[in-house]
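Examination of the molecular architecture
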Amino acid sequence: LSFIPGGLDCSISFVSHVLGKVCIHGRQKEILGVLVPHLTDLTKSDCIWQRICWRLVECVPDRWMEAVVLGFVQRAPGADALSRLLGNLVVKNKKAQFVVTQKMLLLQYSHMTAVLQNLLGYLSLDNLRRTLLLRVLQELLETWSSSSAVKHSPPEQQLYISKAILICLSHLKEPEIESCRQELLTSMMQGVKCHLDSSLPQVRRLGMVVAESISLKINTEGPVLKFEYEEDDETRELKSFLAQTPSSCDVFSIPEDDRSEKTNAALPVVSESKEKPHTAAAVMPDEELDAELDSDDDLIPYDMSEDKELKTKAPVYIRDCIEVLTGSGSEDLDKWEATIKALDSLVRKNPAAVREVSVELAKILLHLEEKTCIEGFVELRQRAQVAVLTTDPIPVAKYLTSQFYSLNYSLRQRMDILDVLVLAAQELSCPKFHGKTKPYGAQKTSIQLLPRSDSSKDWKRIVDERIKGKTRRFNMGQSHVELASRPNKFNSVAGHFFFPLIQHFDRPSTTFDLLGEDHLVLGRLVHTLAILMYLAVNTVAVTAMGKALLEFVWALRFHTDSYVRQGLLSCISSLLLSVPVERILADMTEELLETQSWLGDVVEKDPDGDCRRLAVQNLLLMENLKKKLEAIPS
C-alpha cells in the first residue's frame, strides 16, 4: 500500500480476505503480531493510514470477523491504539458488535485483564460507541444480579464479569451516572443479595466489593455501603479499577475539568461522623485546653512495678462449674472466665463425674454466650464440648444430633454442632503414640469454623495420604511413627454420630429448610458426613453407613450449590476408601455403576473446577478398585 502512486484509487478487500482467512486458519498470532505494531506506529500521526486500517477490517467477511477483531483487541497496546485501528467498526458491523459486546464479555471469561481494559476503553472513546458502553454495563449488571447465573457459573467467570463492571463504571461520566442511577441501584440490591446467599466465600466477597463500588459511584455525597471482609490481592485489584481514570488512554484529549471530576468521583467518601471530632477540637478555647492539661501535673504517680495480678481460682468440681455458668455465680465475671478456661482439662480429669451430668453440661455449652471479651472464647467453648462428647459419647451424641434438626436454633449453633461431632470423632478414632496420648491441641483437623472455597483441598490431601499409605514402596525406609495398636473408640459409637444426621435432611421446619434457603448448612452437613464416613474405616457399621450415604448422595446429586456438590463428591471418595472392596462388590454394585455414569457427566458438564477435579479423582479410585477385584482369584 505504501507504493501506490498519489491520486489513484485502490481496493484493499483482497488484503482483508487474506487477513481473515489467515486468522481463521490458526495463524492469527503470527500475522497480527507483526501487523498490529506497524499499523499502530503508522496511525499515530497519519489520518490516511487510520482510514486504510478502518477499511481493512471493515472489508473482512463476517465469517472471519471474530478471529480478526479478537486478534486486534488482544494485541493492541492500549485503548487509544485500538480506537485508531478499528474506528467505529462495532457501530457499522453487526458481527463485530456481537463479538465485542456479547461474546468477549458474557460468553467467554479467559481473557486477560488488559484485554478487558482495551475493549471497554475502546467503547468509551467515542460518543457513538458510548451508547454501546452503557448497554454493555446494563447487560453485565443483569448477569451479575441473576441468582441463576450466580449459582451455575464458575467463580472465575463471576470474577471476570465483576472486573468488567468496575472498568465500565470507571469510564462513566456524571451525566451518564445520573441517567441510569435508579437502574444501578436496583441491580446493586438484587445482585448483592444473590452473592451473599452463596456458600462460597470468594463469591460473597465479589458481591460485597462490586456493591461497594456501585454505591460509591451513585452516592458521591451521601452514605455508602460498607461491608466487613478480609482484603486480599483480588479485592485490591478490583478496587483499583474504579480508581483508574480513563484520561491516560484517551486519544481525544479530555479537558482537565473532566479529569479532575472523575478522579474525585473515584476517591472514597469520608463519613461526616469521622470529621466532627476534629472540628470540635479545633474550636475548643486554648485556655480550656491548657487547664485540662495542667490539672494532673502536680500528682505523683504510684510505683506499680511490683504489683501482681490477682488470679481468680477456677472451680475444681464439675457441678461447681455448672453453677458458675448457669446460677447466681455467673455474676462474678472473673470466676466465669476462669471456669471457661479450665473446663476442658477438668472434664478430662473427672470422667466419672462428667458422665453423671454430661447431657446437662452439653446443653449449657451449646447455649453459652460470651459475657466478657475473653480471648479465644469460641475455641475454648468448642474444646469443652469436644471433651464432654468424647467422655460420654452415646448420650451426648444423641442429644446433639437431635438438637441439630430442632426448632429455635440459629444456623451458627447448628454448624457448631457439626464441628463438635467431627472433632470428637477424630479424637475417638485417633490412635495413641507410644507412652502418651497425642494432645487435643496438636490434632490436625480438617473441618473449619467457616466454609472455605478451597475446602475440597482437604479432601485431596486426605485421599492422597490414604493412597500413599496403601502403595508399596521399596528402599524408602520408615516413613511414619510407629503407632500403638489399640481398639478404635469410634467403632462402637459411629452409628450414633452418623445416622441421626442423615435421617431428617428432607423435612423442612418453620425455621430450618436444608433443601431450601439454608443450603450453607446443608453444605456443612454433607462435608461432615463425608468426614464421619472416612473416620469409620474398619468399624462394624461402615457398610451400612456407606449404603445410606450413597442413597443420600444420589438424592442430592443435582444440587445447584457448588459447595454442596463438592461435599457430595467427597462423600463418594470417603465411601470408596472406607468400605471394604468385598462389601462394595456384594452390596453396592448397581449403585456404583450408576454413580460412575454420573461422575462422567460431572467431569464433562459441571461448571465448578473443584467438582470436576473431585469427580476425576473418584473415577480413578473406582478404576483402582476394578483392578484390585480383577487381581483376586475367582
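The name recorded for the protein chain in an unreviewed UniProt entry is Telomere length regulation protein TEL2 homolog, from Malurus elegans. Taken from UniProt, the Sequence similarities (unreviewed entry) comment for the protein chain reads in full: "Belongs to the TEL2 family."

Once that is clear, we can look at a negative patch on the surface. A cluster of like negative charges, contributed by Glu551, Glu590, Glu591 and Glu594, occupies part of the molecular surface. If one sorts the elements of the negative patch by residue count, helix H31 (residues 589-605) sits on top with 3 residues. Within the element layout of this structure, Glu590 appears in helix H31.

On to the packing of helix H18 (residues 318-326) against helix H21 (residues 358-367), then. A packed helix pair is summarised by two numbers, namely the angle formed by the two axes and the spacing between the axes. Contact geometry of H18 with H21 gives a least axis separation of 11 Å together with a crossing angle of 30 degrees. Considered as vectors, H18 and H21 are oriented roughly parallel to each other. In this structure, H18 crosses over H21, and the sense of that crossing is left-handed. Residue-level inspection shows Ile318, Ile322, Leu325 and Thr326 of H18 in contact with H21, the latter providing Glu360, Leu361 and Ile364. Tallied by class, the residues present in the contact of H18 with H21 amount to 5 nonpolar, 1 polar and 1 charged.

The residue Asn408 is not glycine, and still its phi comes out positive at about 65 degrees. Taking relative accessible area as the criterion, Asn408 reaches 70% and is therefore assigned exposed. The backbone of Asn538 shows a phi angle near 70 degrees, a positive value even though the residue is not glycine. Its place among the elements puts Asn538 in the loop between helix H27 (519-535) and helix H28 (542-556).

Turning next to the nonpolar core. Membership of the largest hydrophobic core comes to 94 residues, with the highest contact counts inside it found for Phe404, Phe490, Phe497 and Leu525. Of the residues forming this core, the biggest block, 11 residues, is contributed by H27. If sequence neighbours within four positions are ignored, Leu525 has contacts with Phe404, Tyr405, Leu418, Leu501, Phe505 and Leu514. Among the nonpolar cores identified, the runner-up in size contains 71 residues, and Met65, Leu120, Leu137 and Val209 belong to it.

Another aspect to go through is the pattern of salt bridges. If you walk through the whole model with that rule in mind, you get 24 salt bridges. In this structure, Glu66 engages Lys103 in a salt bridge whose closest nitrogen and oxygen atoms are separated by 2.9 Å. In this pair, Glu66 is assigned in helix H3 (residues 62-75) and Lys103 in helix H6 (residues 94-107), connecting sequence segments 37 residues apart. Glu66 gets classed as partly exposed once you look at its relative accessible area, which sits at 23%. Judged by relative accessible area, which is 23%, Lys103 ranks as partly exposed. Among the salt bridges present, the one from Arg319 reaches Glu356, with a minimum N-O distance of 3.7 Å. One end of the pair, Arg319, is in helix H18; the other, Glu356, is in helix H20 (residues 351-356), and 37 residues separate them in sequence. When its relative accessible area of 60% is taken as the criterion, Glu356 is described as exposed. Bridged by salt links that share partners, the residues Arg381, Arg412, Asp416, Asp419 and Arg524 form one connected network.

With that settled, consider the packing of aromatic side chains. Scanning the model with the defined rule gives 5 aromatic pairs in all. When the ring of Trp336 is compared with that of Phe377, the centres are 6.0 Å apart and the planes differ by 20 degrees; the resulting orientation is stacked. Taken together, the residues Trp336 in helix H19 (residues 333-349) and Phe377 in helix H22 (residues 377-391) connect sequence positions 41 residues apart. Residues Trp336 and Phe377 agree in their burial class; the two are buried.

Inspection of the secondary structure puts Gln50 in helix H2 (residues 47-58). Separated by 3.1 Å, the side chain of Gln50 and the backbone oxygen of Thr43 make a polar contact. Contacts of Gln50, omitting those with residues within four sequence positions, involve Thr43 and Arg84.

Mapped onto the elements, Ile394 comes out in helix H23 (residues 393-404). Spatially, the C-alpha atom of Ile394 lies 8.2 Å from that of Phe497, the residues being 103 residues apart in sequence. Residues contacting Ile394, with those up to four places away along its chain left out, are Val493 and His496.

About the cut-offs
- Sequence order as written defines residue numbering, which begins from 1 separately in each chain.
- Totals for whole chains, interfaces and linings use every residue, but because this is a predicted model, local features are given only for residues with pLDDT of at least 70 and side-chain atom pairs only at 80 or more, for both listing and counting.
- Excluded from the side-chain calculation are hydrogens and water; included are all heavy atoms of the structure.
- UniProt positions are given in the numbering used here, feature names are shortened, and annotations may be inferred rather than shown by experiment.
- Within this analysis, patches are made of residues with over 30% relative accessible area and no salt bridge. Like charges are joined at 9 Å or less; nonpolar side chains (Val, Leu, Ile, Met, Phe, Trp, Tyr) at 5 Å or less.
- Calculation of accessible area relied on Shrake-Rupley with a 1.4 Å probe; when residues are assessed, cover is drawn exclusively from the protein chains displayed.
- Take a side-chain nitrogen of Lys or Arg and a carboxyl oxygen of Asp or Glu: if they are within 4 Å of each other, that pair is a salt bridge.
- We treat Lys and Arg as the positive residues and Asp and Glu as the negative residues; His and chain ends play no part in the count.
- Taken as the charge centre is NZ of Lys, CZ of Arg, CG of Asp or CD of Glu, depending on the residue.
- A run of H or I in DSSP counts as a helix once it spans at least four residues, and a run of E counts as a strand once it spans at least two, with each numbered from the N terminus.
- In this description, a line fitted to the C-alpha atoms serves as the axis of each element, helices being fitted only across the stretch in contact, and the angle between N-to-C directions of two axes falls anywhere from 0 to 180 degrees.
- Oblique is the label for any angle not covered by the other classes, which are roughly parallel (under 35 degrees), roughly antiparallel (over 145) and roughly perpendicular (65 to 115).
- Here a crossing is taken to be left-handed if its near helix is turned anticlockwise relative to the far helix by less than a right angle, and right-handed if that turn runs clockwise.
- Residue contacts are defined here by distance: any two heavy atoms, one from each residue, within 4.5 Å place the two residues in contact.
- Amino acids outside the nonpolar list (Ala, Val, Leu, Ile, Met, Phe, Trp, Tyr, Cys, Pro) and the charged list (Asp, Glu, Lys, Arg) are all regarded as polar, and Gly is one of them.
- Burial classes follow relative accessibility: with a 1.4 Å probe on protein chains only, a residue under 20% of its type's maximum area counts as buried, one over 50% as exposed, and anything between as partly exposed.
- Each nonpolar core is a collection of buried residues, namely Ala, Val, Leu, Ile, Met, Phe, Trp, Tyr and Cys, held together in the definition by side-chain atoms within 4.5 Å.
- Pairing of aromatic rings covers Phe, Tyr and the six-membered ring of Trp, with a centre-to-centre limit of 6.5 Å; geometry is then stacked below 30 degrees between planes, edge-to-face above 60, and tilted otherwise.
- We call two N or O atoms a polar contact when they sit within 3.5 Å, provided that within protein one can donate a hydrogen and the other can accept it, with sequence-adjacent residues counted only if both atoms are side-chain atoms.

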